[in-house]
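Observations on chain architecture
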Amino acid sequence: MKARVTVTLKSGVLDPQGKAIEGALKSLGVDGIASVRQGKVFDVELPGADRGRAEAALKEAAERLLANTVIEDFRVEIVS
Amino acid sequence: MKSAVLVFPGINRERDMARALRLCAGSDAEMVWHSDTALPAGTDLVVLPGGFSYGDYLRCGAIAGRAPVMDAVRAFAAKGGLVLGVCNGFQILCEAGLLPGVLMRNAGLKFICKDAYIRVERADTPFTRGYTAGQVIRVPVAHGEGNYMADSETIARLEGEGRIVFRYTAPDGALSPEWNMNGSIYAIAGILNERGNVLGMMPHPENHVEELMGCTDGRGLFAGLGQHFAAAL
(Lines give C-alpha, C1' and ligand atoms only; values in the text may rest on other atoms or scores of the structure.)
Protein backbone atom coordinates (compact mmCIF):
# COMPACT_ATOMS: atom_id res chain seq x y z
CA MET A 1 0.00 0.00 0.00
CA LYS A 2 1.25 3.46 -0.82
CA ALA A 3 0.43 6.51 1.23
CA ARG A 4 1.30 10.15 1.46
CA VAL A 5 1.70 12.23 4.59
CA THR A 6 1.63 15.99 4.04
CA VAL A 7 2.94 18.27 6.75
CA THR A 8 2.16 21.98 6.63
CA LEU A 9 2.70 24.91 8.96
CA LYS A 10 -0.34 25.82 11.02
CA SER A 11 -2.10 28.93 9.91
CA GLY A 12 -0.80 31.92 11.80
CA VAL A 13 2.72 30.50 12.08
CA LEU A 14 5.15 32.76 10.28
CA ASP A 15 6.75 31.01 7.31
CA PRO A 16 9.84 32.97 6.29
CA GLN A 17 10.77 30.33 3.69
CA GLY A 18 7.36 30.56 2.04
CA LYS A 19 7.69 34.35 2.02
CA ALA A 20 11.10 34.13 0.36
CA ILE A 21 9.72 31.78 -2.32
CA GLU A 22 6.79 34.14 -2.83
CA GLY A 23 9.24 37.01 -3.35
CA ALA A 24 11.32 34.96 -5.79
CA LEU A 25 8.23 34.10 -7.83
CA LYS A 26 7.36 37.80 -8.00
CA SER A 27 10.84 38.66 -9.18
CA LEU A 28 10.61 35.91 -11.83
CA GLY A 29 7.48 37.59 -13.07
CA VAL A 30 5.19 34.64 -12.33
CA ASP A 31 1.83 36.37 -12.12
CA GLY A 32 -1.34 35.46 -10.29
CA ILE A 33 0.16 34.03 -7.09
CA ALA A 34 -1.18 35.53 -3.90
CA SER A 35 0.87 33.66 -1.32
CA VAL A 36 3.04 30.58 -0.74
CA ARG A 37 3.37 28.36 2.32
CA GLN A 38 6.09 25.72 2.34
CA GLY A 39 5.51 22.21 3.68
CA LYS A 40 6.82 18.66 3.47
CA VAL A 41 5.59 15.51 1.73
CA PHE A 42 6.44 11.96 2.86
CA ASP A 43 5.70 9.08 0.49
CA VAL A 44 5.37 5.96 2.57
CA GLU A 45 5.04 2.30 1.62
CA LEU A 46 3.22 -0.04 3.97
CA PRO A 47 3.01 -3.83 3.97
CA GLY A 48 -0.39 -5.52 3.98
CA ALA A 49 -3.75 -4.33 2.72
CA ASP A 50 -5.52 -3.33 5.93
CA ARG A 51 -6.46 0.28 5.33
CA GLY A 52 -7.51 1.02 8.90
CA ARG A 53 -4.27 -0.33 10.27
CA ALA A 54 -2.25 1.64 7.73
CA GLU A 55 -4.03 4.86 8.62
CA ALA A 56 -3.43 4.27 12.32
CA ALA A 57 0.28 3.64 11.72
CA LEU A 58 0.60 6.75 9.57
CA LYS A 59 -1.18 8.90 12.13
CA GLU A 60 1.15 7.63 14.84
CA ALA A 61 4.18 8.27 12.60
CA ALA A 62 3.02 11.80 11.91
CA GLU A 63 2.19 12.62 15.52
CA ARG A 64 5.35 11.14 17.00
CA LEU A 65 7.92 12.16 14.42
CA LEU A 66 6.99 13.50 10.99
CA ALA A 67 5.22 16.61 12.27
CA ASN A 68 6.00 18.90 15.17
CA THR A 69 2.44 19.54 16.25
CA VAL A 70 3.44 22.74 18.07
CA ILE A 71 3.66 24.48 14.70
CA GLU A 72 2.61 21.92 12.09
CA ASP A 73 -0.55 20.16 10.92
CA PHE A 74 -0.54 16.91 8.96
CA ARG A 75 -2.77 15.08 6.53
CA VAL A 76 -2.69 11.36 5.79
CA GLU A 77 -3.93 9.85 2.52
CA ILE A 78 -3.79 6.33 1.15
CA VAL A 79 -2.70 6.68 -2.47
CA SER A 80 -3.04 3.10 -3.71
CA MET B 1 30.25 17.49 39.81
CA LYS B 2 30.01 14.53 37.48
CA SER B 3 28.95 15.56 34.00
CA ALA B 4 27.89 13.57 30.98
CA VAL B 5 28.08 15.13 27.51
CA LEU B 6 25.79 13.46 24.98
CA VAL B 7 27.21 12.74 21.55
CA PHE B 8 24.91 12.36 18.56
CA PRO B 9 26.16 11.89 14.99
CA GLY B 10 26.75 15.37 13.57
CA ILE B 11 27.27 17.09 16.92
CA ASN B 12 30.44 19.21 16.86
CA ARG B 13 30.69 21.17 20.12
CA GLU B 14 31.14 18.30 22.53
CA ARG B 15 34.88 18.91 23.05
CA ASP B 16 34.38 22.63 23.61
CA MET B 17 31.74 21.76 26.17
CA ALA B 18 33.94 19.22 27.96
CA ARG B 19 36.81 21.72 28.01
CA ALA B 20 34.60 24.45 29.49
CA LEU B 21 33.33 22.07 32.17
CA ARG B 22 36.88 21.14 33.12
CA LEU B 23 38.25 24.70 33.04
CA CYS B 24 35.42 26.43 34.85
CA ALA B 25 33.90 23.76 37.06
CA GLY B 26 36.75 21.24 37.46
CA SER B 27 34.48 18.55 36.06
CA ASP B 28 35.87 15.86 33.79
CA ALA B 29 32.96 15.10 31.50
CA GLU B 30 32.20 11.66 30.25
CA MET B 31 31.08 11.36 26.63
CA VAL B 32 27.87 9.36 26.23
CA TRP B 33 26.94 7.92 22.83
CA HIS B 34 23.42 8.45 21.49
CA SER B 35 22.63 4.73 21.33
CA ASP B 36 23.50 4.12 24.99
CA THR B 37 20.49 3.37 27.12
CA ALA B 38 21.87 4.50 30.47
CA LEU B 39 23.80 7.47 31.84
CA PRO B 40 27.04 6.88 33.79
CA ALA B 41 26.35 6.07 37.44
CA GLY B 42 26.38 9.15 39.65
CA THR B 43 25.81 11.66 36.85
CA ASP B 44 24.95 15.12 38.25
CA LEU B 45 24.67 17.08 35.02
CA VAL B 46 23.74 16.04 31.49
CA VAL B 47 24.81 18.36 28.67
CA LEU B 48 23.50 18.30 25.12
CA PRO B 49 26.03 20.22 23.03
CA GLY B 50 25.64 22.09 19.78
CA GLY B 51 26.17 20.99 16.23
CA PHE B 52 24.05 19.51 13.49
CA SER B 53 22.78 16.19 14.78
CA TYR B 54 21.72 13.95 11.90
CA GLY B 55 22.44 16.79 9.49
CA ASP B 56 19.34 18.63 10.74
CA TYR B 57 17.28 16.10 8.77
CA LEU B 58 13.49 16.40 9.12
CA ARG B 59 13.72 19.23 11.67
CA CYS B 60 16.66 20.39 13.80
CA GLY B 61 16.96 17.98 16.71
CA ALA B 62 14.01 15.82 15.61
CA ILE B 63 15.92 12.56 15.16
CA ALA B 64 18.27 13.07 18.11
CA GLY B 65 15.29 13.91 20.34
CA ARG B 66 14.07 10.35 19.81
CA ALA B 67 17.45 8.59 20.22
CA PRO B 68 17.68 5.73 22.75
CA VAL B 69 19.76 7.76 25.23
CA MET B 70 16.95 10.33 25.52
CA ASP B 71 14.79 7.91 27.50
CA ALA B 72 17.54 7.83 30.11
CA VAL B 73 17.74 11.65 30.02
CA ARG B 74 13.96 11.93 30.50
CA ALA B 75 14.13 9.61 33.51
CA PHE B 76 17.10 11.58 34.88
CA ALA B 77 15.24 14.89 34.48
CA ALA B 78 12.08 13.43 36.03
CA LYS B 79 14.13 12.72 39.16
CA GLY B 80 15.32 16.33 39.26
CA GLY B 81 18.71 15.88 37.57
CA LEU B 82 20.15 18.97 35.88
CA VAL B 83 20.11 19.06 32.07
CA LEU B 84 21.70 21.77 29.92
CA GLY B 85 21.10 22.00 26.17
CA VAL B 86 23.00 24.52 24.06
CA CYS B 87 22.08 25.43 20.47
CA ASN B 88 21.30 22.11 18.76
CA GLY B 89 21.05 20.77 22.32
CA PHE B 90 18.21 23.26 22.98
CA GLN B 91 16.50 22.16 19.77
CA ILE B 92 16.87 18.51 20.80
CA LEU B 93 15.37 19.19 24.26
CA CYS B 94 12.34 20.83 22.60
CA GLU B 95 11.91 17.95 20.17
CA ALA B 96 12.26 15.45 23.02
CA GLY B 97 9.45 17.14 24.93
CA LEU B 98 11.72 18.15 27.81
CA LEU B 99 11.17 21.82 27.02
CA PRO B 100 8.10 23.43 25.45
CA GLY B 101 8.01 25.17 22.09
CA VAL B 102 10.14 24.96 18.99
CA LEU B 103 13.08 26.72 17.34
CA MET B 104 12.10 27.83 13.87
CA ARG B 105 14.12 29.19 10.97
CA ASN B 106 15.62 32.60 11.83
CA ALA B 107 13.23 35.37 10.86
CA GLY B 108 15.81 36.82 8.47
CA LEU B 109 16.40 33.37 6.91
CA LYS B 110 20.17 33.68 7.32
CA PHE B 111 22.49 31.58 9.45
CA ILE B 112 23.75 33.93 12.16
CA CYS B 113 27.30 33.56 13.44
CA LYS B 114 28.34 36.43 15.72
CA ASP B 115 28.42 37.57 19.31
CA ALA B 116 25.08 38.12 20.99
CA TYR B 117 24.36 40.15 24.10
CA ILE B 118 22.06 38.31 26.43
CA ARG B 119 20.52 39.52 29.66
CA VAL B 120 20.50 37.11 32.59
CA GLU B 121 16.94 37.48 33.88
CA ARG B 122 17.46 35.63 37.14
CA ALA B 123 20.42 34.44 39.15
CA ASP B 124 18.54 32.11 41.49
CA THR B 125 18.89 29.01 39.31
CA PRO B 126 21.70 26.42 39.40
CA PHE B 127 22.57 27.49 35.85
CA THR B 128 22.79 31.23 36.48
CA ARG B 129 24.03 31.56 40.05
CA GLY B 130 27.42 32.62 38.67
CA TYR B 131 25.82 35.84 37.41
CA THR B 132 23.69 38.63 38.84
CA ALA B 133 20.12 39.26 37.75
CA GLY B 134 20.03 41.85 34.99
CA GLN B 135 23.66 41.27 34.04
CA VAL B 136 24.37 41.41 30.30
CA ILE B 137 26.88 38.89 28.98
CA ARG B 138 28.45 38.56 25.53
CA VAL B 139 28.15 35.06 24.14
CA PRO B 140 28.54 33.79 20.55
CA VAL B 141 25.61 32.43 18.56
CA ALA B 142 25.89 30.20 15.50
CA HIS B 143 22.55 28.97 14.25
CA GLY B 144 20.08 28.99 11.39
CA GLU B 145 17.11 27.91 13.49
CA GLY B 146 17.00 29.87 16.73
CA ASN B 147 13.70 31.65 16.36
CA TYR B 148 11.88 30.48 19.49
CA MET B 149 8.15 30.06 19.25
CA ALA B 150 5.38 28.39 21.24
CA ASP B 151 1.62 28.72 21.54
CA SER B 152 0.43 31.86 23.34
CA GLU B 153 -0.59 29.97 26.48
CA THR B 154 2.90 28.47 26.82
CA ILE B 155 4.54 31.84 26.23
CA ALA B 156 2.34 33.43 28.89
CA ARG B 157 3.31 30.71 31.34
CA LEU B 158 7.04 31.01 30.56
CA GLU B 159 6.86 34.74 31.18
CA GLY B 160 4.56 34.52 34.21
CA GLU B 161 6.58 31.81 35.92
CA GLY B 162 9.92 33.53 35.31
CA ARG B 163 11.15 30.73 33.10
CA ILE B 164 12.66 33.01 30.46
CA VAL B 165 16.21 32.99 31.76
CA PHE B 166 18.11 34.70 28.93
CA ARG B 167 16.94 37.36 26.46
CA TYR B 168 18.70 38.95 23.50
CA THR B 169 19.29 42.61 24.25
CA ALA B 170 21.48 45.55 23.29
CA PRO B 171 24.86 45.72 25.09
CA ASP B 172 23.24 47.97 27.71
CA GLY B 173 20.49 45.42 28.41
CA ALA B 174 17.72 47.23 26.52
CA LEU B 175 15.27 45.15 24.51
CA SER B 176 15.04 46.07 20.84
CA PRO B 177 14.07 44.21 17.67
CA GLU B 178 17.45 45.12 16.18
CA TRP B 179 19.31 43.07 18.81
CA ASN B 180 16.80 40.20 18.81
CA MET B 181 18.67 38.84 15.83
CA ASN B 182 16.67 35.71 15.06
CA GLY B 183 13.17 37.06 15.71
CA SER B 184 12.43 34.97 18.82
CA ILE B 185 9.19 35.79 20.57
CA TYR B 186 9.89 37.96 23.66
CA ALA B 187 13.57 37.93 22.58
CA ILE B 188 13.90 34.51 24.17
CA ALA B 189 17.47 33.16 24.15
CA GLY B 190 17.04 30.57 26.91
CA ILE B 191 14.26 28.95 28.94
CA LEU B 192 13.78 26.64 31.90
CA ASN B 193 11.34 23.78 32.23
CA GLU B 194 8.58 23.96 34.82
CA ARG B 195 10.61 22.30 37.54
CA GLY B 196 13.65 24.49 36.87
CA ASN B 197 16.13 21.66 36.28
CA VAL B 198 16.28 21.70 32.47
CA LEU B 199 17.73 24.72 30.66
CA GLY B 200 17.89 25.26 26.91
CA MET B 201 19.73 28.18 25.31
CA MET B 202 20.82 29.07 21.79
CA PRO B 203 24.04 31.04 22.55
CA HIS B 204 27.27 29.15 23.26
CA PRO B 205 28.67 29.99 26.73
CA GLU B 206 31.32 27.27 26.25
CA ASN B 207 32.91 29.41 23.54
CA HIS B 208 33.64 32.35 25.85
CA VAL B 209 35.54 30.79 28.71
CA GLU B 210 39.20 31.64 28.10
CA GLU B 211 41.12 34.88 27.58
CA LEU B 212 42.33 33.68 24.19
CA MET B 213 38.71 33.47 23.05
CA GLY B 214 38.51 37.23 23.59
CA CYS B 215 35.88 37.03 26.31
CA THR B 216 35.19 34.99 29.43
CA ASP B 217 31.54 35.88 29.96
CA GLY B 218 30.51 32.23 29.56
CA ARG B 219 32.51 31.06 32.56
CA GLY B 220 29.84 32.05 35.08
CA LEU B 221 27.43 29.42 33.83
CA PHE B 222 29.83 26.51 34.32
CA ALA B 223 31.43 27.92 37.46
CA GLY B 224 27.96 28.44 38.91
CA LEU B 225 27.01 24.83 38.19
CA GLY B 226 30.21 23.73 39.92
CA GLN B 227 29.33 25.89 42.95
CA HIS B 228 25.81 24.47 42.98
CA PHE B 229 27.07 20.92 43.37
CA ALA B 230 29.89 21.90 45.74
CA ALA B 231 27.30 23.62 47.98
CA ALA B 232 25.07 20.54 47.89
CA LEU B 233 27.83 18.26 49.21
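Everything below is about the structure printed above this text.
A few points on the structure. A quick note: this is a predicted structure, and the numbers were derived from the prediction, not measured.

Quick word on the sheet that holds strand β2 (residues 39-45) of chain A
All names here are of chain A. Within the open sheet, the three strands sit side by side as β2-β1-β3. Their pairing is antiparallel. On the outer flanks of this sheet lie β2 and β3 (72-78), each paired with one strand and no other. This sheet shows a mean twist of 15° between the axes of neighbouring strands, independent of strand direction. Pairing analysis gives seven bridges linking strand β1 (residues 2-9) to β2, with the strands arranged antiparallel. Opposite V5, over in β2, you have F42 as the bridge partner. Packing against the sheet, helix α2 (residues 51-66) makes contact with β1, β2 and β3, and its axis sits at approximately 160° to β3.

Some remarks on the interface of chain A and chain B
Listed as interface residues are 15 residues of chain A and, on the opposing side, 14 residues of chain B. Regarding the contact of chain A and chain B, the summed buried area is about 1200 Å², with carbon and sulfur atoms giving 68% of it. Summed over the three residues of chain A that lose the most area to chain B, namely P16, L65 and N68 of chain A, the buried surface amounts to 37% of that side. Inspection of the region where chain A meets chain B yields one salt bridge. When the shortest N-O distance is used, the salt bridge between E72 of chain A and R59 of chain B registers 3.8 Å. Summed over the shared surface of chain A and chain B, the result is five residue pairs in polar contact (both at pLDDT 80 or more). For the side of chain A that touches chain B, the per-class residue count stands at ten nonpolar, two polar and three charged.

Points about the nonpolar core
Counting residues in each nonpolar core, the largest one holds 67 residues, and the members touching the most others are L6, F8, M70, L84 and Y148 of chain B. Per-element accounting of this core gives the leading share, six residues, to helix α2 (residues 69-78) of chain B. Listed in part, the eleven residues of the second largest apolar core include A3, A62, L66 and I78 of chain A.

What to know about α2 of chain B
At 3.6 residues per turn, the α-helix brings residues three or four places apart onto the same side. Residue and element names in this part refer to chain B. Among the residues of α2, those classed as buried are V69, M70, A72, V73, F76 and A77. The arc enclosing the buried residues of α2, seen along the axis, measures out at 155°, which places them on a common side. Residues of α2 that are exposed and point more than 90 degrees away from the buried face comprise D71 and A78. Buried positions along α2 lie against β1 (3-7), β2 (30-33), β3 (45-48), β4 (82-86), α3 (88-95) and β11 (198-201). Directly beyond the C-terminal end of α2, a positive phi value near 100° is found at G80.

Conventions we followed
- Residues numbered from 1 in each chain as written.
- Chains lettered and ligands numbered in written order.
- Predicted model: local features only at pLDDT ≥ 70, side-chain atom pairs only at ≥ 80, totals over all residues.
- Heavy atoms only, no water.
- Pairing = 2+ DSSP bridges.
- Helix = DSSP H or I, 4+ residues; strand = E, 2+ residues; numbered from the N terminus.
- Axes fitted to C-alpha atoms, helices over the stretch in contact; angles between N-to-C directions.
- Contact = heavy atoms within 4.5 Å.
- Buried area = accessible area lost by both parts, 1.4 Å probe.
- Salt bridge = Lys/Arg side-chain N within 4 Å of Asp/Glu carboxyl O.
- Polar contact = N/O pair within 3.5 Å; in protein donor to acceptor, adjacent residues only side chain to side chain.
- Nonpolar A, V, L, I, M, F, W, Y, C, P; charged D, E, K, R; others polar.
- Core = buried A, V, L, I, M, F, W, Y, C linked by side-chain atoms within 4.5 Å.
- Buried < 20%, exposed > 50% of the residue type's maximum accessible area, 1.4 Å probe, protein only.
- Arc of directions from axis to C-beta.

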